[in-house]
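# Summary of the model geometry
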Amino acid sequence: MRKKNILVLCTGNSCRSQLAEAYLRHFAGDKANIYSAGIETHGVNPKAVQVMAEDHIDIVKHTSNHVDEYMAIPFDQVITVCDNANEACPFFPGKVERFHENFPDPAKATGTLEEVMDEFRRVRDMIKVYAADFVREHVS
């Protein structure tokens, strides 16, 4: 049986989708091919890299990709992690299961550096739980 192809889609593929991609890869192991993309590309947020490193997951080599780059891949599942991406999500041919969870955007956090980093950690932890549950429930 072939591995599932799973796409995580967000607005800019800089924070939330990067975190989700990393955690889905971590929890799914070799059971799925995990991709992330944006309906735009904003570059990988350095604070996302930092908070993932705090949880011993290295995303320093991740890239910010546009969803059009993956249109030829037969996705089994598409997860949108923000309302904007859910509304703008392109049509994927075939039998694609769609999932949606609107996570807060940590890049919009304000305050001191520590307050901003705390928001990145809070969102990271929410996404970690979501990814673990998703893999347990939808990736066999």
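Residues numbered from 1 in each chain as written. Predicted model: local features only at pLDDT ≥ 70, side-chain atom pairs only at ≥ 80, totals over all residues. Heavy atoms only, no water.

Named according to an unreviewed UniProt entry, the protein chain is Arsenate reductase ArsC originating from Mucilaginibacter psychrotolerans.

Okay, the nonpolar core next. Generally speaking, a soluble globular protein has its nonpolar side chains buried in company with each other. By size, the foremost hydrophobic cluster in this structure holds 43 residues, and its most contacted members are Leu7, Leu24, Ile79 and Phe134. Of all the secondary-structure elements, those providing two or more residues to this core are strand S1 (4-10), helix H1 (16-28), strand S2 (32-38), helix H2 (46-54), strand S3 (77-80) and helix H4 (113-138). Here this core gets nine residues from one element, more than from any other, and that element is H4. Dropping the residues within four chain positions of it, leucine 24 is found in contact with Val8, Gly29, Ile34, Ile79, Ala131, Phe134 and Val135. (Core = buried A, V, L, I, M, F, W, Y, C linked by side-chain atoms within 4.5 Å. Buried < 20%, exposed > 50% of the residue type's maximum accessible area, 1.4 Å probe, protein only. Helix = DSSP H or I, 4+ residues; strand = E, 2+ residues; numbered from the N terminus. Contact = heavy atoms within 4.5 Å.)

Now for the sheet that holds S2. Strand order in the open sheet formed by four strands is S2-S1-S3-S4, and the pairing between neighbours is parallel. Each edge of the sheet is formed by a strand with only one pairing partner; in this case those strands are S2 and strand S4 (97-100). Between one strand and the next, the sheet's axes are offset by a mean angle of 20°, whatever the strand orientation. Relative to S4, S3 is paired through four bridges, and the arrangement is parallel. Bridging from a neighbouring strand, threonine 80 pairs with histidine 100 of S4. Against the sheet, H1 contacts S1, S2 and S3, and its axis sits at roughly 180° relative to S2. Contacts from H4 reach S1, S3 and S4, with the element oriented near 160° to S3. (Pairing = 2+ DSSP bridges. Axes fitted to C-alpha atoms, helices over the stretch in contact; angles between N-to-C directions.)

All right, on to the packing of aromatic side chains then. Within this structure, the stated rule accounts for six aromatic pairs. Where tyrosine 23 meets phenylalanine 27, the ring centres are 6.2 Å apart and the plane angle is 20°; that geometry is what we call stacked. One end of the pair, tyrosine 23, and the other, phenylalanine 27, are both in helix H1, four residues apart, so they sit about a helical turn from each other. Its relative accessible area of 0% is what places tyrosine 23 among the buried residues. One aromatic cluster is present, formed by Phe99, Phe103, Tyr130 and Phe134 through successive ring pairs. (Phe/Tyr/Trp six-rings, centres within 6.5 Å; stacked < 30°, edge-to-face > 60°.)

Before going further, it helps to spend a moment on unusual backbone geometry. We note that asparagine 13 has phi near 50°; this positive angle belongs to a residue other than glycine. Along the polypeptide, asparagine 13 turns up in the loop between S1 and H1. Among the residues examined, asparagine 13 registers a relative accessible area of 0% and is labelled buried. We note that histidine 56 has phi near 65°; this positive angle belongs to a residue other than glycine. As for its position among the elements, histidine 56 is in the loop between H2 and S3. According to the relative accessible area criterion, histidine 56 is exposed, its value standing at 74%.

Our focus in this paragraph is the pattern of salt bridges. Scanning all chains against the criterion turns up ten salt bridges. Between arginine 121 and glutamate 114 there is a salt bridge whose closest N-O contact spans 3.2 Å. Taking relative accessible area as the criterion, arginine 121 reaches 19% and is therefore assigned buried. Overall, glutamate 114 belongs to the partly exposed group, its relative accessible area being 46%. Among the ionic pairs, aspartate 133 bridges to arginine 136, the shortest N-O distance being 2.3 Å. Residue aspartate 133 and its partner arginine 136 are located together in helix H4, separated by three residues, close to a single helical turn. (Salt bridge = Lys/Arg side-chain N within 4 Å of Asp/Glu carboxyl O.)

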